[in-house]
Amino acid sequence: MVDRRKSTRRPRQWRRRSRHCDDSDEEEELPRGRGLHWYLIGCSLVLVILLSCANFLALPKVTYHPHLRPSLLGDPLYDDELDLRGIHSPGARYRGDAFLQKTPQSEMQQPWPPASVDHAARSNGADGTAPHAARSPADAAAAAAAPGVDVSAAPILLSRSMVAPQGGVLYLNGEQWLETETNPDAAEVTFAAWIYMPDVPAHLMPGTSSSMKTIASTKISGCHPSAKSPGWSLFVHEWGTLNRQLRLSWTDQSSACHEVFSKDFLVPLNMWVQVGFSLSRNLRRVRLVLGGQAIVDSAAGIGVYAKQGQGLSMHEVDITTRTVAAASQPLYVGAHMPSDKDRLQSHMFLGFIGSFMLAHRVLEDPALELRLVAGCASEAVTLAFPDVSRVVQVAFKKDTRVINAFNGRGLDTFATADGPKEVTLLDWAEHPERPDDAPAALSPGVEPGGSTEPPPAGPRLSPDELRKTFPAEWLSKYSEDELIKSQQEADSWADEVREAARHTWRGYKSKAWGHDDLKTVSGKPADWCRLAVTMVDGLSTLWLMGLKTEFQDAASWLASENMPTPGKHGPHSLFEITIRVLGGLVSAWHLSGQAVFLDTPRRL
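Please read these numbers as outputs of a predicted model, since none were measured by experiment.

(A) Inspection of the overall build of the protein at higher detail. Looking only at helices and strands, the protein features 16 helices and 21 strands. Expressed as a percentage of its 604 residues, the buried residues of the protein come to 44%. Considering only contacts in the protein between residues 6 or more positions apart, those separated by 24 or more positions represent 69%. When the accessible surface of the protein is totalled, it reaches about 31600 Å², and 54% of it is carbon and sulfur.

Below, the structure written as structure tokens:
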């Protein structure tokens, strides 16, 4: 008999093997359901792969979409085949509908070569494209409004008369915008403008225009629906980027961030380009136009659609649920609806606008719509969009007030607290220059808040004191005379660095003393947390450089201001406040031992 108390209990699988060893004729029974489990997983994987392949094959090719090609790109502003040898690689020819695709930045900064179109050949189908689609009675009447002029067939060339009919252009510096009193929104909306975006380095952009560049809007920025969010906005650059995408956003009851755009067609820099869109409840269609081409068309499934940043199918676009802005809502040109609490969220435009128009009508004929929106302030637009539907039509002229040609009323100009209120009107130019491109020159040797006296030399060690500091390793490779000469050269470099710091500090003190930042181009102060960030963040640098006078000036200011002040600063990043403000104050206390640098962080 087996003593079970002394036996060792073996794992279940071992006991199963033992039984099999004892009785080889007995077949092991698999756990019930295991085979079915793996069978279902395998079938699911195969099904997912097959569906993914089918979905990939069904994706439309943007530039040669079967619905887009005959009607939208069959009658472009420029010839299908343009000789761009002076712009792209030597000897290459590019199709007109690929001209705005992604290219190196240097290539996107060249002017468009004008080209005419053989419309007679197109209308007869001689170029292989289908003739124009049949027009609605309203569109046909618009096209025939001018005797002897077919606005859908007239060649469009880039010229002053097209971009700036009155010979002037508007410059917005990223801190200004225009407003109209006219109701800008309706169930049917067509908008178009000529814009010129200069290539401005990101570090020179004002805080109100650091990313998105708003062309026109009726709504406040942000995705949460509110009383100020109904309407639409047209802007360049995805939020937080400088990717040059042209984007149209609108609002419904669920979100204020319905957006359409193209990943393949980008807004060029340093050249005039026509932009526009149409929103139609009746046609259940949204279209986005760039450079005379439709880069988004929801009816044809062309472009990209996103809701609050989540990519969706273009066929899921539902314009019928769009929330229309109130009749009292103005049109903002160059900004989202400004907020008194945070102007940084207005995303203001930095660049030039040649002309723009807004109508409460959408044409059914896509080719005709492309032609008309290209001439924002032309006579053809006046004929196609009668007074009952045309709301805003603006062209600029130097030294005159900005007037809405539709009703004769002037447009009001606004600016941030830091920017000039009056906008700048300039003569049209193919490549206009920004009036604030370069800061005002200073006389040689004269600095803001400074003097012409030579800067004092920094601390020096005598040759005998220097010899005591040379490590043995240095002396094994270099003579004492070589090391002393090297130190004297380093002293002169240190004086240059110290003087550069004094120059920067004097500029900050004379133009932005007590503010968070000093704008390098305009020379104006700026704030984001109102804690004198530049001053506090530079305290330890001043001390280590031996600039004790400047250091003491900051200490005196902090002692008199008694900051922070409750309710004045608002919510901000804990990380930024810790490394810049708290870190700056505590390091200054550690170096100097002055009580003000310990009392202030305690209040913070």
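What follows continues from the structure just given.
(B) Looking closely at helix α16 (residues 596-603). If you check which residues of α16 are buried, you get V596, F597, T600 and P601. What you see down the axis of α16 is that its buried residues fit within an arc of 125°, all on one side. For α16, the elements touching its buried residues are α13 (539-544), α14 (548-561) and α15 (574-592).

(C) Region of interest: the nonpolar core. Core analysis: the largest hydrophobic core is formed by 48 residues, its most contacted members being I195, W232 and F356. Those residues in contact with I195, other than ones at most four positions away along the chain, are I215, V236, V267, M271, W272, V273, V275, F349, F352 and I353. Listed in part, the 25 residues of the second largest apolar core include L542, L547, F551 and L585.

(D) Highlighting the packing of aromatic side chains. One pass over the full model with this rule turns up 16 aromatic pairs. Note on W505 and Y508: the rings are 5.8 Å apart at their centroids and 50° apart in plane angle, and the pair reads as tilted. A residue pair is termed a helical-turn pair when its members lie 3 or 4 positions apart in one helix, as W505 and Y508 do in helix α11 (residues 480-512) at three residues. For W505, a relative accessible area of 7% puts it in the buried group. Taking the ring centre of W513 as reference, the NZ or CZ of K509 above it sits at 5.6 Å.

(E) Examining a nonpolar patch on the surface more closely. A cluster of nonpolar residues, L582, V586, W589 and L604, forms a patch on the protein surface that exposes about 300 Å² of accessible area. Among the secondary structure elements, L604 is positioned in the segment after α16. Residue L604 is classed as partly exposed on the basis of its relative accessible area of 39%.

(F) Focus on α15. Here α15 spans 26 Å end to end across 19 residues, near enough to the 27 Å set by a 1.5 Å rise per residue. The principal kink in α15, of about 35°, is found at G583. The inward-facing, buried residues of α15 contact α12 (533-537), α13, α14 and α16. By the N-cap criterion, in which a side-chain oxygen at the helix start approaches the backbone nitrogen of a residue two or three places on, α15 is capped by S573, the distance to F575 being 3.3 Å.

(G) Quick peek at the sheet that holds strand β9 (residues 258-261). The nine strands lie next to each other as β14-β13-β9-β8-β7-β6-β15-β4-β18, forming an open sheet whose pairing is antiparallel. Because the sheet does not close on itself, it has two edges, and the strands there are β14 (310-312) and β18 (412-415). Direction aside, the axes of adjacent strands within the sheet are offset by 30° on average. With four bridges joining them, strand β4 (residues 176-180) and β18 adopt antiparallel strand pairing. Its bridge partner being in β18, W177 is matched across the sheet by F414.

The rules behind each value
- Residues numbered from 1 in each chain as written.
- Predicted model: local features only at pLDDT ≥ 70, side-chain atom pairs only at ≥ 80, totals over all residues.
- Heavy atoms only, no water.
- Helix = DSSP H or I, 4+ residues; strand = E, 2+ residues; numbered from the N terminus.
- Buried < 20%, exposed > 50% of the residue type's maximum accessible area, 1.4 Å probe, protein only.
- Contact = heavy atoms within 4.5 Å.
- Areas by Shrake-Rupley, 256 points an atom, 1.4 Å probe, with all protein chains shown as cover.
- Arc of directions from axis to C-beta.
- Core = buried A, V, L, I, M, F, W, Y, C linked by side-chain atoms within 4.5 Å.
- Phe/Tyr/Trp six-rings, centres within 6.5 Å; stacked < 30°, edge-to-face > 60°.
- Lys NZ or Arg CZ within 6 Å of the ring centre and 35° of its normal.
- Patch = residues over 30% accessible without salt bridge, like charges linked within 9 Å, V, L, I, M, F, W, Y side chains within 5 Å.
- Salt bridge = Lys/Arg side-chain N within 4 Å of Asp/Glu carboxyl O.
- Expected span 1.5 Å × (residues − 1).
- Bend = angle between axes of the 7 residues up to and from the residue.
- Polar contact = N/O pair within 3.5 Å; in protein donor to acceptor, adjacent residues only side chain to side chain.
- Pairing = 2+ DSSP bridges.
- Axes fitted to C-alpha atoms, helices over the stretch in contact; angles between N-to-C directions.

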